[in-house]
Amino acid sequence: MITVTGATGNIGRTLVDLLAQAGEEEVVAVSRRDRPATPDAPAVPGTPVVPAAPVVPAVPAAPGVRWIRADVGNAESMRPALTGARALFLVLGGELNAHGESPTLLLDTAVSAGVERVVLVSSQVSATRPDAPSHARLRAFEAAVRASGLDFTILRPGGFASNAFAWAETIRTQRTAFAPFADTALPVVDPADIAAVAAAALREDGHGGRAYELTGPALISPREQVRAVAEALAEEVTLVELSREEAHAAMTRFMPEEAVTGTLDVLGEPLAAESKVSGDVEAVLGRPAGGFGGWAGRNAAAFK
């Protein structure tokens, strides 16, 4: 059995599908929500969590998939989802990236439940900026995973292509996107590639003790990303560049201060290591990483 946390997220939805299609083991999909979120219907922050309750997905569950409502931030609530599991996919989300229970509580619960392998989604910044306050929580989870005694793999993605969903509403209503640092390019990664690498690490041997840096195949700026979305829509989309101060004010409405500062530091003044294309996706999957244009084409409906 494989337990997938964050099963309604940009990585988790695809990962659950990949594991279900493989058909090798039962998949327990863990969510804090009643149904899988979509770009058009995101979950509402602060939705109450009922630990260990069955989840009724928006569409019938795939064969071999069982949904459970639990909270990664509450280790005891996770016990029913971990009991009997061989492997755990662990991803934090929202406020859990900033605060919460000691990571050791969750890893100890996994060990006591019989879990043998864990795949953790961390961040490229955990390695490139080891003192950044914005990523202290992820570094703590990395340390807990390493100390757990479990077979582990750590995934360190760069920026997600799916961060472009932040433009969805204004592109739909105004055909306009707002972003800072319009011409600063980074090798953003398709969440589908993160899911595929996670599936390999969960199912296959040979990934234990590894930390994979996951990026897209090329550098791409916000201006070029907006152009790719426009091409997917076959319509004009305008980019309005925000100042750092304007972006900071907008982002602090839904992100902690430290996270906003850390994010803007990377977006505006990336280190050389953060601007480098990694070959780890191709090394694990045997194919090149997917580009932003492919992501935009698959998700064009979110911007229409």
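Refer to the preceding data block for the structure.
Here goes a summary of the coordinates provided. Worth saying up front: this structure is predicted, and the values here are computed from it rather than measured.

Each helix and strand counted, the chain has 12 helices and 10 strands in total. Counting the 304 residues in the chain, one finds 48% classified as buried. Here the contacts in the chain between residues at least 6 apart in sequence split such that 78% fall between residues at least 24 apart.

Using the criterion set out here, one finds 2 cavities of 30 Å³ or more in the structure. Of the volumes computed, that of the largest cavity is approximately 50 Å³. Grouping the constituent residues of the lining of the largest cavity by class yields 6 nonpolar, 2 polar and 2 charged. Residues that form the lining of the second largest cavity fall into these classes: 3 nonpolar, no polar and 3 charged.

Okay, the pattern of salt bridges next. This structure, assessed with the given rule, holds 13 salt bridges. Across the pair Arg-86 and Glu-25 runs a salt bridge, and its minimum N-O distance is 2.7 Å. Note that Arg-86 is positioned in the loop between helix 2 (75–82) and strand 5 (87–91) and Glu-25 in the loop between helix 1 (12–22) and strand 2 (27–31), a separation of 61 residues in sequence. When its relative accessible area of 22% is taken as the criterion, Arg-86 is described as partly exposed. The partly exposed category is assigned to Glu-25, whose relative accessible area is 22%. The partner of Arg-287 in a salt bridge is Asp-193, with the nearest N and O atoms 2.8 Å apart. Here Arg-287 is found in the loop between helix 11 (280–285) and helix 12 (292–298), whereas its partner Asp-193 is found in helix 7 (residues 191–203), with 94 residues between them in sequence. Given a relative accessible area of 34%, Arg-287 falls into the partly exposed group. Note on Asp-193: relative accessible area 3%, which makes it buried. A single network of salt bridges, built from pairs that share partners, joins Arg-117, Asp-151 and Asp-205.

Consecutive side chains of a regular strand alternate in pointing toward one face of the sheet and then the other. The element strand 2 is largely enclosed, with a buried count of 5 among its 5 residues. Neither face of strand 2 is open: one carries Val-27, Ala-29 and Ser-31, the other Val-28 and Val-30, and all of them are buried. Alignment of strand 1 (residues 2–4) against strand 2, held across 3 bridges, turns out to be parallel. When the sheet's bridge partners are listed, Ile-2 is paired in strand 2 with Val-27. Between the parallel elements strand 1 and strand 2, the chain passes through helix 1 in a crossover that is right-handed. As judged from the 5 bridges shared by strand 2 and strand 4 (residues 65–69), these two strands associate in the parallel manner. Residue pairing for strand 4: Val-27 is matched across the bridge by Val-65.

In this structure, Thr-215 sits in the loop between strand 9 (210–214) and helix 8 (222–233). A polar side-chain atom of Thr-215 sits 2.9 Å from the main-chain amide nitrogen of Ser-278. If near-sequence neighbours (up to four positions away) are discounted, Thr-215 is found in contact with Gln-124, Pro-187, Val-188, Val-189, Lys-276, Val-277, Ser-278, Val-281 and Ala-289.

It is the contact of helix 9 (residues 244–251) with helix 10 (residues 257–268), at a shortest axis distance of 10 Å, that shows an interaxial angle of 145°. The handedness of the crossing between helix 9 and helix 10 is right-handed. Residues Arg-244, Ala-247, His-248 and Met-251 of helix 9 pack against Glu-257, Val-260, Thr-261, Thr-263, Leu-264 and Asp-265 of helix 10. A class-by-class count of the residues in the contact of helix 9 with helix 10 yields 4 nonpolar, 3 polar and 3 charged.

In this structure the tally under the stated criterion is 4 aromatic pairs. Measuring from ring centre to ring centre gives 5.4 Å for Phe-292 and Trp-295, while their planes differ by 35°; the resulting arrangement is tilted. A residue pair is termed a helical-turn pair when its members lie 3 or 4 positions apart in one helix, as Phe-292 and Trp-295 do in helix 12 at 3 residues. This pair shows no difference in class: Phe-292 is buried, exactly as Trp-295 is. Taken together through their ring pairs, the aromatic side chains of Phe-165, Phe-292, Trp-295 and Phe-303 make up a single cluster.

Let us look at helix 1. Residues Gly-12, Leu-15, Val-16, Leu-19 and Ala-20 constitute the buried set of helix 1. For helix 1, the angular spread of buried residues about the axis comes to 130°, placing them on one side. Turning to helix 1, the residues buried within the fold contact strand 1, strand 2, strand 4, strand 5 and helix 7.

Cut-off values and rules
Within any chain, residue numbers begin from 1 and follow the written order of that chain's sequence. This being a predicted model, a pLDDT of at least 70 is required before a residue's local features are given, and a value of 80 or more before pairs of side-chain atoms are given or counted; all residues contribute to the totals for chains, interfaces and linings. Values shown for side chains rest on all heavy atoms present in the structure; no hydrogens or waters enter the calculation. In this description a helix means any DSSP run of H or I spanning at least four residues, a strand means any run of E spanning at least two, and both kinds are numbered starting from the N terminus. Remark: exposure states derive from per-residue accessible area (1.4 Å probe, protein chains only) relative to the maximum for the residue type, with buried under 20%, exposed over 50%, and partly exposed in between. In what follows, residue pairs with any heavy atoms lying within 4.5 Å of each other are defined as contacts. Within this scheme a cavity is a closed region of a 1 Å grid, computed over the protein atoms alone, that accommodates a 1.4 Å probe without allowing it to escape, whereas a pocket is open but has protein on both sides within 12 Å along at least five of seven lines; lining residues each have an atom within 4 Å of a point. Grid points are joined across faces, edges and corners, and a volume is the space filled by probe spheres set on the points. Residue polarity is assigned by list, with Asp, Glu, Lys and Arg as charged and Ala, Val, Leu, Ile, Met, Phe, Trp, Tyr, Cys and Pro as nonpolar; anything else, Gly included, falls into the polar class. One side-chain nitrogen of Lys or Arg within 4 Å of one carboxyl oxygen of Asp or Glu is enough to make a salt bridge. A strand pair is defined by DSSP finding two or more bridges across the two strands. Consider the strands pointing away from the viewer: the crossover is right-handed when the path from the first strand over the helix to the second runs clockwise. What qualifies as a polar contact is a pair of N or O atoms within 3.5 Å, subject to a donor-acceptor requirement within protein and to the restriction that residues adjacent in sequence count only when both atoms come from side chains. Angular values range over 0 to 180 degrees, each being the angle between N-to-C directions of two axes fitted as lines to C-alpha atoms, with helices fitted over their stretch in contact. A clockwise turn of the near helix away from the far one marks a right-handed crossing, whereas an anticlockwise turn of less than a right angle marks a left-handed crossing. When the centres of two rings from Phe, Tyr and Trp lie within 6.5 Å, Trp using its six-membered ring, the rings pair. Their planes under 30 degrees apart give stacked, over 60 give edge-to-face, and anything left gives tilted. In this description, the arc belongs to the directions extending from the helix axis to the C-beta atoms.

Nothing here speaks to function; it is all geometry.
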